[in-house]
Amino acid sequence: MKLFDPSLKFFKGNTHAHTNNSDGHVSPEEAMRMYHAAGYDFLAITDHWFVGEEQAYNGMLILPGVEYDFTFPTQVLHLVCLFRDAKHAEGIRRGANHMDVISQVNAAGGVAIAAHPAWSLNTSEFLCSLDGVDISEVYNTLSGEPHNGPRANSEGILDVAAANGKLFNLVAADDSHFYKGEQCVSYTMVQAEELTGPAILEGLKKGRFYASQGPEFKNIEKDGNSILIETSPVCRITACSNQYWVAGRCIEGDGLTRRVYQAQPGEKYVRFQITDKQGRKAWSNPISLQ
Ligand SMILES: [Zn+2]
Ligand SMILES: [Zn+2]
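Here is what the cut-offs are and how they apply
- Residues numbered from 1 in each chain as written.
- Chains lettered and ligands numbered in written order.
- Predicted model: local features only at pLDDT ≥ 70, side-chain atom pairs only at ≥ 80, totals over all residues.
- Heavy atoms only, no water.
- Helix = DSSP H or I, 4+ residues; strand = E, 2+ residues; numbered from the N terminus.
- Rg over C-alpha atoms; globule rule 2.2 N^0.38 Å.
- Buried < 20%, exposed > 50% of the residue type's maximum accessible area, 1.4 Å probe, protein only.
- Donors = N, O, S within 2.8 Å, 3.2 Å for Na, K, Ca; no water.
- Pairing = 2+ DSSP bridges.

A. Summary view of the overall build of the protein chain. Scanning the protein chain from terminus to terminus reveals five helices and 16 strands. Relative to the 2.2 N^0.38 estimate, which gives 19 Å for 290 residues, the radius of gyration of the protein chain is 18 Å and therefore close to what a compact globule would have. With the C-alpha coordinates aligned to their principal axes, the bounding extent of the protein chain is approximately 50 × 40 × 35 Å. When each of the 290 residues of the protein chain is scored for burial, the buried share is 56%.

Structure (structure tokens):
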């Protein structure tokens, strides 16, 4: 079984960005100009509680999106929501129950993404309770140094949630506010029939994507307990799972482009992280072994 469809093109996009419609430092037009200049195919502008309209910028697709936040005693939930149409967000107001918001987004054919769970201090129990949220940010550029603290990477908490039964698919995003160079670093490659909002959302719902900062996954193929990974040249391929100890979890070399991983007894899922010479990473979605 191939995770990607060889007949479909990948589109490069950032699913999380802010402008001066909330607390970002630049206008929507300037945000679009910067991502377009960096070669992106799509950008979601996701201001806090402010829904942007779908539009095109010199061939780059702008998805209607928003970031909602909810506060709990020991953690916050930030939900990046992408819509087929901005009007589908009508009626969602501050103070809404987070599960009601998730239901409304899904009922309208949109996608709700758990943003920066490590930064949000989310617990595994909380993440596992988010029925209707099937995607999480695995890496959020702004949550890292020097922009913020050392919690850009959410792999640790997402592995705990996955070991407890909640397998999130993984996007990487900048959460760009255009403060200090955090834009155009972490992105998601989505396979879609065409570059339209509904097609990109379909690719996200079907899990036909991977998260990256540079390295590429070219093919991921599961055959029983054997998983073939083909990549652009990288110096490390790491298999992550619910198991504490796995012999040979991590392989290193010069210009690695291929690995065949044999899932170990007790592994319920496996996902792959690849690292290139410059230290840039990419993350596959978890592959269920059950
Ligand atoms: Zn946030
Ligand atoms: Zn944000």
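B. Focus on the coordination of the zinc ion (ligand 1). Each protein donor to the zinc ion (ligand 1) is listed here as Glu-67 (OE), His-78 (ND1) and His-116 (NE2); together their distances run 2.1 to 2.2 Å. Between the two metals, the zinc ion (ligand 1) and the zinc ion (ligand 2), the spacing is 3.5 Å, and Glu-67 donates to both. With Glu-67 in strand β4 (residues 60-71) and His-116 in the loop between β6 (111-114) and α3 (124-128), this pair connects stretches of sequence that are 49 residues apart. For the pair Glu-67 and His-116, one class covers both residues: buried.

C. Looking closely at the pairing of strand β8 (residues 169-173). Taking burial as the measure, the five residues of β8 include five buried ones, the bulk of the element. Residues Asn-169, Val-171 and Ala-173 line one face of β8 and the alternating positions Leu-170 and Ala-172 line the opposite face, and both faces are buried.

D. Looking closely at the pairing of strand β9 (residues 187-192). Counting buried positions along β9 yields six of six residues, so the element is predominantly enclosed. Because side chains alternate across β9, one face comprises the buried residues Tyr-187, Met-189 and Gln-191, and the other comprises Thr-188, Val-190 and Ala-192, equally buried. In the sheet, strand β1 (residues 9-14) pairs with β9 via five bridges, with the strands oriented antiparallel. Its bridge partner lying in β9, Lys-12 is registered against Met-189. In this structure, β9 lies alongside strand β10 (residues 209-212), joined through four bridges in antiparallel fashion. The residue bridging Met-189 from the neighbouring strand is Tyr-210, located in β10.

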